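Structural characterization, general
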Amino acid sequence: MTLQQEIVGNAMQMAVVSLQPGQTVYCEAGKFLFKTANVTMETRLSGPSGGGGQPQAGAGGAGGASGASGAGGGMGGMLRQAMGTAMQVGQRALAGESLAFQYFTSTGGEGTVGFAGVLPGEMRALELDGTRAWFAEKDAFVAAESTVEFGIAFQGGRTGRSGGEGFVLEKFTGRGTVIIAGAGNFIDLNPADFGGRVDVDTGCVVAFEEGIQYGVQRVGGLNRQGVMNAVFGGEGLSIATLEGNGRVILQSLTIESLANALRKAQGGDKQGPTGGLFSTNAG
């Protein structure tokens with residue numbers, strides 16, 4: 001069942017989702033805006049891939065099938081489910097993600113739910129057909145159908161640890177609609193149209209399709225120009241690389257640049273005249 005949704009607004013967009021009877025959508029805690037009275041809400045630690053992703057209230061036949069499976073598994077099945085949920089929660093905690101999901105199911109007719117991101121910017125609905133996964137920056141996830149599985153991926157190699165946004169990524173698999181959000185305006189591109197590779201600020205990457213090779217590398221070498229790039233260029237020591245043939249979504253505003261602008265407006269600018277390595281994130 002296709003998720004009916006409409007993205008509305010300009011500077012701070014939101015997604016208005018229409019649910020058919022029995023249809024379920026889930027979101028990361030903190031992304032919910034409003035719902036109609038006939039939509040039930042349940043908060044759970046497990047994602048759809050961890051068993052129990054569907055709320056029991058209003059799940060109908062799906063809930064009954066899940067319960068039968070759990071009963072058949074006995075204590076061993078319950079233990080495996082608990083361990084699976086614990087692993088999911090542990091992964092999300094390690095990645096700095098929300099520990100819980102909120103599930104919304106329409107009962108007694110069509111229902112409506114509203115979601116939004118946490119920063120001024122755009123939203124995008126991605127349609128997964130089961131053949132390709134999508135990867136997104138940390139905190140980009142807003143909401144998805146219960147048929148879409150949410151996971152954590154670690155990419156970028158050892159340099160990704162210092163690359164910030166690039167090392168920990170959200171991964172979406174399965175079939176259905178997933179809604180993501182970013183800061184500022186979006187631009188869609190394919191590295192194959194630019195010689196096979198594009199280099200971007202690590203904070204500008206919103207999402208990309210499976211098949212795109214993501215990496216984080218140093219800006220220049222240990223020479224005069226490399227030092228100039230790192231110290232005065234405002235990019236620090238790392239830059240993201242995207243290679244291959246597939247869709248890439250970039251954002252025009254980074255969280256770091258927004259934070260620096262707010263600190264400067266409040267008279268607490270710690271960046272100094274050069275940025276780069278001289279920049280500090282202290283409040």
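Structure: above.
Criteria and cut-off values
- Residues numbered from 1 in each chain as written.
- Predicted model: local features only at pLDDT ≥ 70, side-chain atom pairs only at ≥ 80, totals over all residues.
- Heavy atoms only, no water.
- Helix = DSSP H or I, 4+ residues; strand = E, 2+ residues; numbered from the N terminus.
- Contact = heavy atoms within 4.5 Å.
- Areas by Shrake-Rupley, 256 points an atom, 1.4 Å probe, with all protein chains shown as cover.
- Polar contact = N/O pair within 3.5 Å; in protein donor to acceptor, adjacent residues only side chain to side chain.
- Buried < 20%, exposed > 50% of the residue type's maximum accessible area, 1.4 Å probe, protein only.
- Pairing = 2+ DSSP bridges.
- Salt bridge = Lys/Arg side-chain N within 4 Å of Asp/Glu carboxyl O.

Quick notes on the overall build of the protein chain
Scanning the protein chain from N- to C-terminus turns up three helices and 18 strands. Nonlocal contacts in the protein chain, meaning residues at least 24 apart in sequence, comprise 79% of its contacts between residues at least 6 apart. For the protein chain, the accessible area works out to roughly 13700 Å², and carbon and sulfur atoms hold 56% of it.

Focus on the side chain of Glu209
With respect to the element layout, Glu209 can be found in strand β15 (residues 205–209). Separated by 3.1 Å, the side chains of Glu209 and Arg132 make a polar contact. With sequence-adjacent residues up to four places away left out, Glu209 is seen in contact with Arg132, Ala133, Trp134, Gly246 and Arg247.

Quick notes on the pairing of strand β6 (residues 101–106)
Counted residue by residue, β6 has six buried out of six residues, so it is predominantly covered. Residue alternation in β6 divides its side chains into two sets, Phe101, Tyr103 and Thr105 and Gln102, Phe104 and Ser106, and both sets are buried. As paired elements, strand β5 (residues 39–44) and β6 share six bridges and run antiparallel to each other. Within β6, the residue paired with Thr43 across the bridge is Gln102.

A word on the environment of Phe208
Structurally, Phe208 is set in strand β15. Residues Phe208 and Asp188 lie 20 residues apart in sequence; the distance between their C-alpha atoms is 9.5 Å.

Digging into the pattern of salt bridges
A side chain of one charge can pair with a side chain of the opposite charge when the charged atoms of the two come close. Applying the stated criterion to the full structure yields seven salt bridges. In this structure, Arg247 engages Asp188 in a salt bridge whose closest nitrogen and oxygen atoms are separated by 3.6 Å. One end of the pair, Arg247, is in the loop between β17 (238–243) and β18 (248–251); the other, Asp188, is in strand β13 (residues 186–189), with 59 residues separating them in the sequence. Each of the salt bridges in this network shares a partner with another, and the network as a whole consists of Arg124, Asp188 and Arg247.

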